[in-house]
Amino acid sequence: SEWLGAWETVEFEYQLLDAGDRVVALIDQLMRGRSTGIEVSRGKYAQVAIYRDGLLVHWRFYDDQAEALEAVGLSE
């Protein structure tokens with residue numbers, strides 16, 4: 001909560017992709033500083049989650065969206 005308190009806004013644009021038992025989230029994040037008003041782009045990244053019986057059993061963060069897509073067999 002302390003980290004979030006530093007930001008006036010934290011915005012996410014995302015796309016969710018079905019990869020069988022996995023879900024890929026392609027994310028682009030932008031934040032605006034509370035005290036400075038400066039916009040900071042976290043940039044594009046990805047997350048891959050694996051679900052079984054409706055429960056999250058594995059989650060992984062990727063700095064590179066292409067790497068995440070390749071990991072789940074969705075690379076172009």
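Here the structure is a predicted model, which is why all the values come from computation and not from measurement.

## Some words on the sheet that holds strand 4 (residues 55-62)
So, point 1. Strand order across the open sheet formed by four strands is 1-2-3-4, with antiparallel pairing between neighbours. Of all the strands in the sheet, the pair left with one neighbour each is strand 1 (7-19) and strand 4. With strand direction ignored, the average angle separating the axes of adjacent strands in the sheet is 25 degrees.

## Overview of the pairing of strand 1
So, point 1. Taken together, the twelve bridges between strand 1 and strand 2 (residues 22-33) define a ladder with antiparallel strand orientation. Across the sheet, the residue bridging to Ala19 is Arg22, located in strand 2.
So, point 2. Connecting strand 1 to the next strand, strand 2, in antiparallel fashion are two residues, including Gly20 with a positive phi near 75 degrees.

## Details of the nonpolar core
So, point 1. Leu17, Ala19, Val24, Leu26, Ala46, Val48, Tyr62, Ala68, Leu69 and Val72 together form the largest nonpolar core, which totals ten residues.
So, point 2. Elements with a contribution of two residues or more to this core: strand 1, strand 2, strand 3 (39-52) and helix 2 (65-71).
So, point 3. Contact partners of Ala19, with chain neighbours within four places excluded, come to Val24, Val72 and Leu74.

Here is what the cut-offs are and how they apply
- Residues numbered from 1 in each chain as written.
- Predicted model: local features only at pLDDT ≥ 70, side-chain atom pairs only at ≥ 80, totals over all residues.
- Heavy atoms only, no water.
- Pairing = 2+ DSSP bridges.
- Helix = DSSP H or I, 4+ residues; strand = E, 2+ residues; numbered from the N terminus.
- Axes fitted to C-alpha atoms, helices over the stretch in contact; angles between N-to-C directions.
- Core = buried A, V, L, I, M, F, W, Y, C linked by side-chain atoms within 4.5 Å.
- Buried < 20%, exposed > 50% of the residue type's maximum accessible area, 1.4 Å probe, protein only.
- Contact = heavy atoms within 4.5 Å.

Keep in mind that these numbers describe shape and distance, not what the molecule does.
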